[in-house]
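These are the residues of each chain, in order.
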Amino acid sequence: MLKKKEYNKKLYALSIIIITLLIGFLFYILNYYTPLYADDYTYSFSFSTGERIESVSQIVDSQVAHYQTMNGRVVTHFLAQLFLLLGDNVFNIINVFSFLLLLYLIYFHSCGTFKNFSLSKFSMIAMLLFLSTPAFGQSFLWITGSSNYLYGILIILLFLVPYRIQIDGKINNCHILTEIVFSVTYFVFGIIAGWTNENTSVALISMVVAYVFFFCIKSIRIHAWNITGGIGAVVGCVLMLIAPGNSSRLSNLGGSGGIGAWIKRFVLYSCDLIVILKLILLLLCVLLLVYFYQKQKQMSCFSIKGFLDILFECKVPFIYMIGFLASVYSMIVTPIFPGRVWSGPVVLILIAVFNLYSLIDTSSIKFSMGKTVTISFVLVLSIATFVNAYFDVKNVDSFYDERISMIEMAKEMDEKSVEIPNINGSTQFSVYSSDGDLNADSNEWPNTAIAKYYEVDKIIRGN
């Protein structure tokens, strides 16, 4: 019997490794067929000197100028220029490991531990992230986009790991020297995490405040690093928001607007939220119904204590839902909410949903049957969607290769103006939108950026 248990454990561990490798391989395929796009051309050059980036030291100078003229996301755009310097092949490998790390971090924040690892839960996290991210290609496959959105939320979740451990009461008193070192370290880490992306940085600060609130309510000792980390996050976020480049960029978009514009955006973004996250929201609603059904005895005689007990039990979903709402509705101060920016909110609501799932008694036969049907449906949908995504990114990559051949041929013939076709994507997994990437005016971006990258005078959009 003991040998059989050991065998089953090893078999399950092997299954986890196989599924992880499979997810990584499928993600690599999509990454491999994702070519350069838009900002990749611009960020291949220094914002300081205009020269092509060929060393890390150039990136530092470039980001100083970028802060003044473009926007305040120094951390993530440093990564973008670094990945462009390393090249597409190196980036693809790093990006696969980073995406897998993101999945495991979502799982950890959902469960608080890797003990008794649930392969079905991990697989569902991966599939729902794949299906629900509205601009998956731009958020996770595109070099510049993933630097902003994959690595931004990745840094934030790494930063929050000790907070997540602490709320389960697993961090004890530390030696005074350890406390001091960790406090200083977490202040610096907080600045980096808060300096990643506008909406998810606001979410980070909201979640740190929510964590500390629950520490107070549950009489969990608040460590100095809890506070210094939060202060660092505020400092990083402020440094990002006050960048001179941000104000000019916002002005070009028409400005923030007033209360009326904010209310209108609140309604529009709420509608977008329902449309974009319908699958996750449906799952959330079902889980909430099941959860409160199971808690009906506790709720039948309403009392403040009963309400607080349920609130404390749902502390993790509560914290990450606050982060989710903050990441969505902080966008009302901007006139646009691109699809790629939704990736951070998707990650945060997934954590809330799967932690709520862990609070539910799943032992009943009816629940097991419902779970099997749900996983089967999501699996079939994921396979069909991946096939569609594969053909889309491969088709786009073929057009991209054809475009490169046209440019190289024109250069060999010493032609300085090159007419190339527009590239159009058809799904959210391609970085290229359905409208294509080229401007009708060859003197406008991104035509000028592509021309500079390939060292020709003019890029003209063909038919």
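Data block above holds the structure.
Keep in mind that what you see is a predicted model, and the values were worked out from it rather than measured.

*Asks:* Which parts of the structure should I look at to understand the packing of helix α6 (residues 119-132) against helix α19 (residues 365-412)?
*Replies:* In helix packing, the relevant descriptors are the interaxial angle and the interaxial distance, both defined with respect to the helix axes. Running from N to C, α6 and α19 cross one another at 45°; their axes reach a closest spacing of 10 Å. Taken together, the axes of α6 and α19 lie oblique to each other. You can see that α6 and α19 cross each other, and the crossing is left-handed. Contacts between α6 and α19 involve Ser120, Met124, Met127, Leu128, Phe130 and Leu131 on the former and, on the latter, Lys371, Thr374, Ile375, Val378, Leu379, Leu381, Ser382, Thr385, Phe386 and Ala389. Classifying every residue of the contact of α6 with α19 by side-chain character gives eleven nonpolar, four polar and one charged.

*Asks:* Got a minute to help me understand the packing of aromatic side chains in this structure?
*Replies:* Two measures describe an aromatic ring pair: the distance that separates the ring centres and the angle between the ring planes. Under the counting rule described, the total for this entry stands at 50 aromatic pairs. Taking 5.6 Å as the distance between ring centres and 65° as the angle between the ring planes, the aromatic pair formed by Phe99 and Phe140 counts as edge-to-face. With a gap of 41 residues between them, Phe99 in helix α5 (residues 88-111) and Phe140 in helix α7 (residues 136-141) connect regions that are remote in the sequence. In terms of burial, Phe99 and Phe140 fall into one category: buried. Between Phe159 and Phe189, the ring centres sit 5.3 Å apart and the planes meet at 80°, which makes this aromatic pair edge-to-face.

*Asks:* For this particular structure, what's the right way to read helix α17 (residues 315-329)?
*Replies:* Counting along an α-helix, one turn takes 3.6 residues, and residues three or four places apart therefore face a common direction. Taking 1.5 Å per residue as the helical rise, α17 with its 15 residues ought to reach 21 Å, and the 21 Å between its terminal C-alpha atoms agrees with that figure. Most of α17 is tucked away: eleven of the 15 residues are buried. Looking only at α17, the buried set comprises Lys315, Val316, Pro317, Ile319, Tyr320, Gly323, Phe324, Ala326, Ser327, Val328 and Tyr329.

*Asks:* Mind showing me how you'd approach the state of the cysteines here?
*Replies:* In a disulfide, the sulfur atoms of two cysteines are covalently bonded to one another. Using the criterion set out here, one finds zero disulfides in the structure. Cys314 takes part in no disulfide bond, and the closest cysteine sulfur to it belongs to Cys285, at a distance of 14 Å.

*Asks:* I'm lost on the environment of Gln58 in this one. Help?
*Replies:* Following the sequence through the fold, Gln58 ends up in helix α3 (residues 56-69). Assessed through its relative accessible area of 17%, Gln58 is described here as buried. Distance from Gln58 to Val347, taken between C-alpha atoms, is 33 Å for residues 289 residues apart in sequence. Gln58 has contacts with Ser46, Glu51, Arg52 and Ile53, leaving out every residue within four places of it along the chain. Looking at Gln58, its side chain comes within polar contact range of the main-chain nitrogen of Glu54, at 2.6 Å.

*Asks:* I would appreciate a short explanation of empty space enclosed by the protein in the present structure.
*Replies:* Rolled over the atoms, a probe as big as a water molecule pinpoints where empty space is left. Inspection of the entire model under this criterion finds one cavity of 30 Å³ or more. Its volume calculated, the largest cavity comes out at about 40 Å³. Around the largest cavity sit Asn148, Tyr149, Gly152, Ile153, Asn197, Asn199, Thr200, Val341, Ser343 and Gly344, which together line it. Residue assignment for the lining of the largest cavity shows that the elements contributing at least two residues are α8 (143-167), α10 (198-217) and α18 (343-358). The element contributing the most residues to the lining of the largest cavity is α8, with four residues. Per-class residue counts for the lining of the largest cavity are three nonpolar, seven polar and no charged.

*Asks:* How do you make sense of α19 when you look at a structure like this?
*Replies:* Between its terminal C-alpha atoms α19 stretches 70 Å, which fits the 70 Å expected from 48 residues at 1.5 Å a residue. Taken from the residues just after α19, Asp414 is the one with a positive phi, measuring 65°.

Reading the values: rules and limits
- The residue numbering used here restarts from 1 in each chain and proceeds along that chain's sequence as written.
- Reporting of local features is limited, given that this is a predicted model, to residues whose pLDDT is at least 70; pairs of side-chain atoms are given and counted only at 80 or more, and all residues count toward the totals for whole chains, interfaces and linings.
- Where side-chain values are given, they derive from all heavy atoms of the structure, hydrogens and water being excluded.
- Axes here mean lines fitted to C-alpha atoms, for a helix over just the part in contact, with angles spanning 0 to 180 degrees between N-to-C directions.
- Under the DSSP-based scheme used, a helix requires at least four consecutive residues in state H or I and a strand at least two consecutive residues in state E, with every element numbered from the N terminus.
- Orientation labels follow simple angle bins: below 35 degrees gives roughly parallel, above 145 gives roughly antiparallel, 65 to 115 gives roughly perpendicular, and whatever is left gives oblique.
- Less than a right angle of anticlockwise turn of the near helix away from the far helix marks a crossing as left-handed, whereas a clockwise turn marks it as right-handed.
- In this analysis, two residues are considered to be in contact whenever any of their non-hydrogen atoms come within 4.5 Å of each other.
- Residue polarity follows a fixed list, in which Ala, Val, Leu, Ile, Met, Phe, Trp, Tyr, Cys and Pro are nonpolar, Asp, Glu, Lys and Arg are charged, and the others, Gly among them, are polar.
- Think of it this way: a Phe, Tyr or Trp ring, Trp meaning its six-membered ring, pairs with another when their centres are within 6.5 Å, and the plane angle makes it stacked under 30 degrees, edge-to-face over 60, tilted otherwise.
- When accessible area is computed with a 1.4 Å probe and restricted to protein chains, residues below 20% of their type maximum are described as buried, those above 50% as exposed, and intermediate ones as partly exposed.
- For a helix, the expected span equals 1.5 Å multiplied by the number of residues minus one.
- Note that a disulfide, as used here, is simply two cysteine sulfur atoms within 2.5 Å.
- For this analysis, a polar contact is any N or O atom pair within 3.5 Å, provided that within protein one partner can donate a hydrogen and the other can accept it, and provided that sequence-adjacent residues contribute only side-chain to side-chain pairs.
- A pocket, in this scheme, is an open set of points on a 1 Å grid over the protein atoms alone with protein on both sides within 12 Å along at least 5 of 7 lines, while a cavity is a set where a 1.4 Å probe fits but cannot get out; residues line either one if an atom lies within 4 Å of a point.
- Grid points are joined across faces, edges and corners, and a volume is the space filled by probe spheres set on the points.

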